[in-house]
Amino acid sequence: QVQLVESGGGLVQAGGSLRLSCAASGSFFRLNSMGWYRQAPGKQRELVAAITSDGSTNSADSVKGRFTISRDNAKNAVYLTLNSLKPEDTAVYYCKVAVVYIRSTDYWGQGTQVTVSS
């Protein structure tokens, strides 16, 4: 069984910053790709940024230059640093991790609310 625990969301003014964390625990061999998604009210969940096991990253055009994804393999954790936040960044942010035990399985975090006020 694998658990993902997210933290770091909150209410921030436009232009502010936040750092989201997602830590994996449980029984697994290794973690492959890790990513952050978000879902705003009335919208579909979308990819924000992802990072592979060797550190390669990709991110949505809407957050390029503002958000940074990183990971700490020793802590089984992935982070998302959000800078220059805009009201349109308001959403529930979810981490997703590809966990390898016998085979690779995707796990989702519980979600953390990010609210950006104008």
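Everything below is about the structure shown above.
Report on the accompanying structure. Note that this is a predicted model, so its numbers are computed, not measured. (Residues numbered from 1 in each chain as written. Predicted model: local features only at pLDDT ≥ 70, side-chain atom pairs only at ≥ 80, totals over all residues. Heavy atoms only, no water.)

### Thoughts on the pairing of strand E4 (residues 30–39)
Here E4 pairs with strand E9 (residues 91–100) via 8 bridges, running antiparallel. Along E9, the bridge assignment pairs Gly 35 with Lys 96. Pairing analysis gives 5 bridges linking E4 to strand E5 (residues 46–51), with the strands arranged antiparallel. Its bridge partner lying in E5, Arg 38 is registered against Glu 46. From the end of E4 to the start of E5, which pair antiparallel, there are 6 residues, and Gly 42 there has a positive phi angle of about 75°. (Pairing = 2+ DSSP bridges. Helix = DSSP H or I, 4+ residues; strand = E, 2+ residues; numbered from the N terminus.)

### Quick word on the pattern of salt bridges
Enumeration over the complete set of coordinates arrives at 5 salt bridges. Residues Asp 89 and Arg 38 are paired through a salt bridge, measuring 3.0 Å at the closest nitrogen-oxygen approach. Residue Asp 89 is located in the loop between strand E8 (77–82) and E9, and its partner Arg 38 is located in strand E4; the two are separated by 51 residues in the primary sequence. Overall, the relative accessible area of 1% leaves Asp 89 in the buried class. Judged by its relative accessible area of 8%, Arg 38 falls in the buried class. As a salt-bridge pair, Asp 61 and Lys 64 come within 3.3 Å of each other at their nearest N and O atoms. On the basis of relative accessible area, Asp 61 is assigned to the exposed category, the value being 66%. (Salt bridge = Lys/Arg side-chain N within 4 Å of Asp/Glu carboxyl O. Buried < 20%, exposed > 50% of the residue type's maximum accessible area, 1.4 Å probe, protein only.)

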